[in-house]
Amino acid sequence: MSVQRMIQAMQAKMDDSNSPNRKGTISGYDPNNFAVKVEIQPEGFITGWIQLDAAGVGNGWGIAVGPQLGDEVTVSFEGGDFQLASVVSRHFNDVNTPIGPPAGEIWIKHSSGSLLKFHNNGSIEVVAPATISYTAAQHHFVGPVQMDNTLQVTQQITGQGGMAISGGSGASVNGNMVVSSGDVTADSISLKGHKHGGVQPGGGLTGVAQ
């Protein structure tokens, strides 16, 4: 069947259904222009490069999910004109199975296993099988922060609310420690104000600090 006859057959089917939309599968993808080619089903007609709709767009920014070849989509033909087509939606199917968010929840899941889930109870779940990298001029955490593994800091730590360490192997310092306008206390014994009993002249030893 020639391309022209396929177009005529598709046009007739659209006229019968009174719908400017058709189903198809993506056969080509241009990431720089966010455009696709679609094989219209069941005729097998392949469109030229057409727009792939996005959730949000701007000049060099937006929300975009790169499609895979074979993804099932709906193509809208404005006014039934095959020169004015765009992909308006994508669909899960038996090959691309749904990720299954409960009613009211929002899930974003990557094929690598990385995911972001907004749960109905107000919690947010983030999972990454590899490294999470984020950059900001300022990080501001409101509320307690809990870490269940090691923390490595390559620059100075500044705290204004004190520090409490318990459990594990305690704390160790490799390098200098400076205490200004304060004291160091071990088992209620002050570094600045402690006293020694049993002081002896010469080279004798004193008693333990008190």
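Note that the structure is predicted; figures quoted are calculated from it, not measured.

Q: What is the right way to read the overall build of the protein from this model?
A: Within the protein, the secondary structure is distributed over one helix and 13 strands. The order of helices and strands in the protein, counted from the N terminus, is α-β-β-β-β-β-β-β-β-β-β-β-β-β. Counted over contacts in the protein with a minimum sequence separation of 6, partners at least 24 positions apart contribute 33%. Looking at the protein as shown, the accessible area adds up to about 16600 Å², and 52% of this sits on carbon and sulfur atoms.

Q: How do you make sense of the pairing of strand β2 (residues 35-40) when you look at a structure like this?
A: The two faces of a sheet get side chains in turn, since along a regular strand they alternate between them. With six bridges connecting them, strand β1 (residues 21-30) and β2 associate as antiparallel partners. Bridge pairing links Gly24 to Ile40 in β2. The loop that links β1 with its antiparallel partner β2 comprises four residues; one of these, Phe34, has a positive phi angle of about 50°. Sheet topology note: the β2/strand β4 (residues 50-52) ladder contains two bridges and is antiparallel. Within β4, the residue paired with Ala35 across the bridge is Gln51. Bridge count for β2 against strand β3 (residues 45-46) is two bridges, and the pairing is antiparallel. Bridging from a neighbouring strand, Ile40 pairs with Phe45 of β3. The hairpin formed by β2 and β3 contains four residues between the paired strands, and Gly44 there has a positive phi angle of roughly 85°.

Q: Would you explain the pattern of salt bridges in this entry?
A: As a working rule, side chains carrying opposite charge can pair if their charged atoms are close by. One pass over the structure, following the stated rule, counts two salt bridges. Close ionic contact of Glu43 with Arg22 constitutes a salt bridge, the shortest N to O distance being 2.8 Å. In this pair, Glu43 is assigned in the loop between β2 and β3 and Arg22 in strand β1, connecting sequence segments 21 residues apart. Here Glu43 and Arg22 have matching classes, each one buried. Across the pair Lys23 and Glu72 runs a salt bridge, and its minimum N-O distance is 3.5 Å. With Lys23 in strand β1 and Glu72 in strand β7 (residues 72-77), the pair connects residues that are 49 residues apart, well separated along the chain. According to the relative accessible area criterion, Lys23 is partly exposed, its value standing at 41%.

Q: What exactly am I supposed to notice about the packing of aromatic side chains here?
A: Describing an aromatic ring pair means giving the distance of the ring centres and the angle of the ring planes. This structure, assessed with the given rule, holds one aromatic pair. With centroids separated by 6.3 Å and ring planes inclined at 80°, the aromatic side chains of Tyr29 and Phe34 adopt a geometry described as edge-to-face. Classification of Tyr29 as partly exposed rests on a relative accessible area of 28%. Of note, Lys117 hangs over the ring of Trp107, and the distance from its end group to the ring centre comes to 3.7 Å.

Thresholds, definitions, all that
- Residues numbered from 1 in each chain as written.
- Predicted model: local features only at pLDDT ≥ 70, side-chain atom pairs only at ≥ 80, totals over all residues.
- Heavy atoms only, no water.
- Helix = DSSP H or I, 4+ residues; strand = E, 2+ residues; numbered from the N terminus.
- Contact = heavy atoms within 4.5 Å.
- Areas by Shrake-Rupley, 256 points an atom, 1.4 Å probe, with all protein chains shown as cover.
- Pairing = 2+ DSSP bridges.
- Salt bridge = Lys/Arg side-chain N within 4 Å of Asp/Glu carboxyl O.
- Buried < 20%, exposed > 50% of the residue type's maximum accessible area, 1.4 Å probe, protein only.
- Phe/Tyr/Trp six-rings, centres within 6.5 Å; stacked < 30°, edge-to-face > 60°.
- Lys NZ or Arg CZ within 6 Å of the ring centre and 35° of its normal.

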